[in-house]
Amino acid sequence: MAIKKYISDADNTIVNAYLSNFRTRATGSNTGEADVLEAYSIYGRVTTSSQELSRILIQFPVSEIDTDRTSGIIPASGSVSFYLRMFNAETSKTVPKQFKLTVNPISQTWQEGIGLDLENYTDIRGNNQGSNWISASNTTSWRDAAGNEIVGGSILTSSSDYLYEQTFKNGLEDLEINITPLVESWIAGTIDNYGVLVKLSSSFEAYATADDTA
């Protein structure tokens, strides 16, 4: 069995976590140039009911995949499978167990950005290019299918064929999900390739909207 790897050409972590002052949130921060990606949910760190989230944006070079298929480097549709693989980054800290991550296609264009700081979230995007919790780019907000402004990224939810999840039993596993239907739709052009959003499933995300402001 032959395996060919395609590396993402854009990725970012977006958060509504609190800044170090524990008063304002880092919703304006960008970490598009950081060397790791993070998805988490923190409850009760600032107040007894405070909630903080982190989500991952990833986009892949589908045009390159399409070119390779035309050239015969990869097989035709129906004779090949595409897997999203993300590797666990080792840490000395305690990790959660028995949780689920979901993978959903992003429904609008977004910018990677050049921020680096995943510790204190000091790389505030400002007028520079890049996505964050509030905005998909320096000119465009995240929006739902009806065009309403939302936060935390916009995803396609019109078909269950493109909604994926994986359970992590001990919290140290790599993510590996077969996303063949989605990739084939990207190649065919039936769905625009804006990449995928990776986050904890709704039953594991402690979601808050009260302070989702930049």
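Before reading further, recall that the structure is shown in the block above.
Residues numbered from 1 in each chain as written. Predicted model: local features only at pLDDT ≥ 70, side-chain atom pairs only at ≥ 80, totals over all residues. Heavy atoms only, no water.

Student: What is the right way to read the overall build of the protein chain from this model?
Tutor: The helix and strand inventory of the protein chain stands at two helices and eight strands. Counted from the first residue to the last, the protein chain has its helices and strands arranged as β-β-β-α-β-β-β-β-α-β. For the protein chain, the C-alpha radius of gyration of 17 Å lies close to 17 Å, the compact-globule estimate for 214 residues. Dimensions of the protein chain, computed from C-alpha atoms along their principal axes, come out at roughly 55 × 40 × 30 Å. For the protein chain, the proportion of its 214 residues judged to be buried stands at 46%. (Helix = DSSP H or I, 4+ residues; strand = E, 2+ residues; numbered from the N terminus. Rg over C-alpha atoms; globule rule 2.2 N^0.38 Å. Buried < 20%, exposed > 50% of the residue type's maximum accessible area, 1.4 Å probe, protein only.)

Student: Would you mind showing me how to read the packing of aromatic side chains here?
Tutor: How two aromatic rings sit relative to each other is given by the distance of their centres and the angle of their planes. For the coordinates displayed, the defined rule picks out one aromatic pair. Where Phe99 meets Phe168, the ring centres are 5.0 Å apart and the plane angle is 5°; that geometry is what we call stacked. You can see Phe99 sitting in strand E5 (residues 99-105) and its partner Phe168 sitting in strand E6 (residues 164-168), a full 69 residues away along the chain. Residue Phe99 is classed as buried on the basis of its relative accessible area, which comes to 12%. It is Lys4 that lies over the ring of Tyr6; its NZ or CZ is 5.3 Å from the centre. (Phe/Tyr/Trp six-rings, centres within 6.5 Å; stacked < 30°, edge-to-face > 60°. Lys NZ or Arg CZ within 6 Å of the ring centre and 35° of its normal.)

Student: What is the right way to read the pattern of salt bridges from this model?
Tutor: Side-chain pairs of opposite charge can arise where the charged atoms are in close proximity. Enumeration according to the criterion identifies seven salt bridges in this entry. Linking Glu184 and Arg69 is a salt bridge whose minimum nitrogen-to-oxygen distance equals 2.8 Å. With Glu184 in helix H2 (residues 180-188) and Arg69 in helix H1 (residues 62-70), this pair connects stretches of sequence that are 115 residues apart. Each member of the pair, Glu184 together with Arg69, is buried. Here Glu176 ties to Arg85 by a salt bridge, and the two come within 3.4 Å at their closest N and O atoms. (Salt bridge = Lys/Arg side-chain N within 4 Å of Asp/Glu carboxyl O.)

Student: Got a minute to help me understand the pairing of strand E8 (residues 196-200) in this structure?
Tutor: Look at any regular strand and the pattern is simple: side chains alternate between the two faces of the sheet. With five of five residues buried, E8 lies mostly within the body of the structure. Sheet topology note: the strand E3 (residues 51-59)/E8 ladder contains three bridges and is antiparallel. Bridge assignment links Ile58 to a residue of E8, and that residue is Val196. Relative to E8, E5 runs antiparallel, the two sharing five bridges. When the sheet's bridge partners are listed, Thr102 is paired in E8 with Lys199. (Pairing = 2+ DSSP bridges.)

Student: Would you take a moment to explain the side chain of Asp68 for this structure?
Tutor: Relative to the helices and strands, Asp68 resides in helix H1. Its relative accessible area of 10% is what places Asp68 among the buried residues. Of note is the side chain of Asp68, whose polar atom sits 2.7 Å from the side chain of Tyr6. If we skip the residues at most four places from it in the chain, Asp68 touches Lys4, Tyr6, Ile73 and Ile74. (Polar contact = N/O pair within 3.5 Å; in protein donor to acceptor, adjacent residues only side chain to side chain. Contact = heavy atoms within 4.5 Å.)

Student: Help me understand H1, please; the structure alone is not making it clear to me.
Tutor: Residues that lie three or four places apart on an α-helix share one face, since the helix turns once every 3.6 residues. Every buried residue of H1 is accounted for by Val62, Ile65, Asp68 and Arg69. Considered in projection along H1, the buried side chains sweep an arc of 115° and stay on one side of the axis. Away from its buried face, by an angle of more than 90 degrees, H1 presents the exposed residues Ser63 and Thr70. Of the surrounding secondary structure, the elements contacted by the buried residues of H1 are H2. (Arc of directions from axis to C-beta.)

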